[in-house]
Amino acid sequence: MMTTEQIVASHKANVETLFGLTHKAFEGVEKLVELNLTATKAALSESAQSTKAALSVKDAQELMALQANLFQPLAEKTAAYSRHLYDIASGTSNEFTKALEAQTAAAQKQFANLVDSATSNAPAGSETAVAMMKSAVNAANNAYESVQKAVKQATDMAEANMAAVTNTAVATAKTATKKR
């Protein structure tokens with residue numbers, strides 16, 4: 001059984017974790033707001049320049065050339081914005097994952113200690129039940145670790161796919177601009 005001090009310490013650690021995660025969430029929101037403000041300022045500035053350039057064209061051919069020259073930078077900026085957005089989301093998610101893993105590890109350790117404490121006081125002849133209980137706990141821990149590894153692999157694959165799609169989009173935009 002847990003003592004009062006252990007319960008208070010556990011609650012204190014949970015509150016500290018909650019405030020830490022809240023802080024990380026706000027950091028992510030701040031980064032997102034900063035990214036969007038920067039992107040909006042740049043878009044307004046470029047829009048003004050593009051409008052001035054469009055108003056100064058003399059014929060349709062010059063207008064077509066202007067449009068072609070605007071497409072590639074737009075695609076590159078969109079890809080860069082998407083990368084920054086993904087990095088912010090991924091970084092914030094990683095912080096939450098680390099905290100969850102730490103809390104899970106602490107809970108597993110606490111549960112293992114509870115099982116050990118309970119089994120040490122088990123009556124004689126209950127060795128088989130104790131062994132089954134410990135085996136079930138170990139199997140659950142192994143299953144959890146397997147799921148964590150699978151999620152990590154899936155995340156790594158998603159990141160690689162995101163990078164490949166972004167690179168392909170930028171390369172396609174460059175190719176399309178050159179053809180015009």
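These numbers were taken from a predicted model, which means no experiment stands behind them. (Residues numbered from 1 in each chain as written. Predicted model: local features only at pLDDT ≥ 70, side-chain atom pairs only at ≥ 80, totals over all residues. Heavy atoms only, no water.)

Participant: Would you mind going over the overall build of the protein chain with me for this structure?
Facilitator: Each helix and strand counted, the protein chain has three helices and zero strands in total. Starting at the N terminus, the α and β elements of the protein chain follow one another as α-α-α. Considered along the principal axes of its C-alpha atoms, the protein chain spans approximately 100 × 35 × 10 Å. Expressed as a percentage of the 180 residues in the protein chain, the buried residues total 12%. In the protein chain, once contacts between residues fewer than 6 apart in sequence are set aside, the share between residues at least 24 apart is 76%. Here the protein chain displays about 13300 Å² of accessible surface, and carbon together with sulfur accounts for 64% of that area. Taken together, the 17 basic and 17 acidic charged side chains of the protein chain have centroids lying 9 Å from each other. (Helix = DSSP H or I, 4+ residues; strand = E, 2+ residues; numbered from the N terminus. Buried < 20%, exposed > 50% of the residue type's maximum accessible area, 1.4 Å probe, protein only. Contact = heavy atoms within 4.5 Å. Areas by Shrake-Rupley, 256 points an atom, 1.4 Å probe, with all protein chains shown as cover. Lys, Arg positive; Asp, Glu negative; His and termini not counted. Charge placed at Lys NZ, Arg CZ, Asp CG, Glu CD.)

Participant: Looking at this structure, how should I read the pattern of salt bridges?
Facilitator: Think of it this way: side chains of opposite charge can pair up when their charged atoms draw near. One pass over the full model with this rule turns up two salt bridges. Two residues, glutamate 27 and lysine 24, come together in a salt bridge whose shortest N-O distance is 3.7 Å. Residue glutamate 27 and its partner lysine 24 are located together in helix 1 (residues 4–55), separated by three residues, close to a single helical turn. For glutamate 27, a relative accessible area of 26% translates into the label partly exposed. For lysine 24, a relative accessible area of 28% translates into the label partly exposed. Lysine 77 serves as the salt-bridge partner of glutamate 46, at 2.5 Å between the closest nitrogen and oxygen. On the criterion of sequence distance, the pair formed by glutamate 46 in helix 1 and lysine 77 in helix 2 (residues 60–120) is long-range, its members being 31 residues apart. With a relative accessible area of 29%, glutamate 46 lands in the partly exposed category. Accessibility expressed as a relative area gives 42% for lysine 77, which makes it partly exposed. (Salt bridge = Lys/Arg side-chain N within 4 Å of Asp/Glu carboxyl O.)

Participant: In this structure, what is going on with the packing of helix 1 against helix 2? I would like to understand it.
Facilitator: Helix-helix packing is characterised by the crossing angle of the two axes and by the distance between the axes. One can describe the packing of helix 1 onto helix 2 by two numbers: an axis separation of 10 Å at closest approach and a directional angle of 175 degrees. Classified by the angle their axes make, helix 1 and helix 2 are roughly antiparallel. In terms of residue class, the contact of helix 1 with helix 2 is made up of 15 nonpolar, eight polar and five charged. (Axes fitted to C-alpha atoms, helices over the stretch in contact; angles between N-to-C directions. Parallel < 35°, antiparallel > 145°, perpendicular 65-115°, else oblique. Nonpolar A, V, L, I, M, F, W, Y, C, P; charged D, E, K, R; others polar.)

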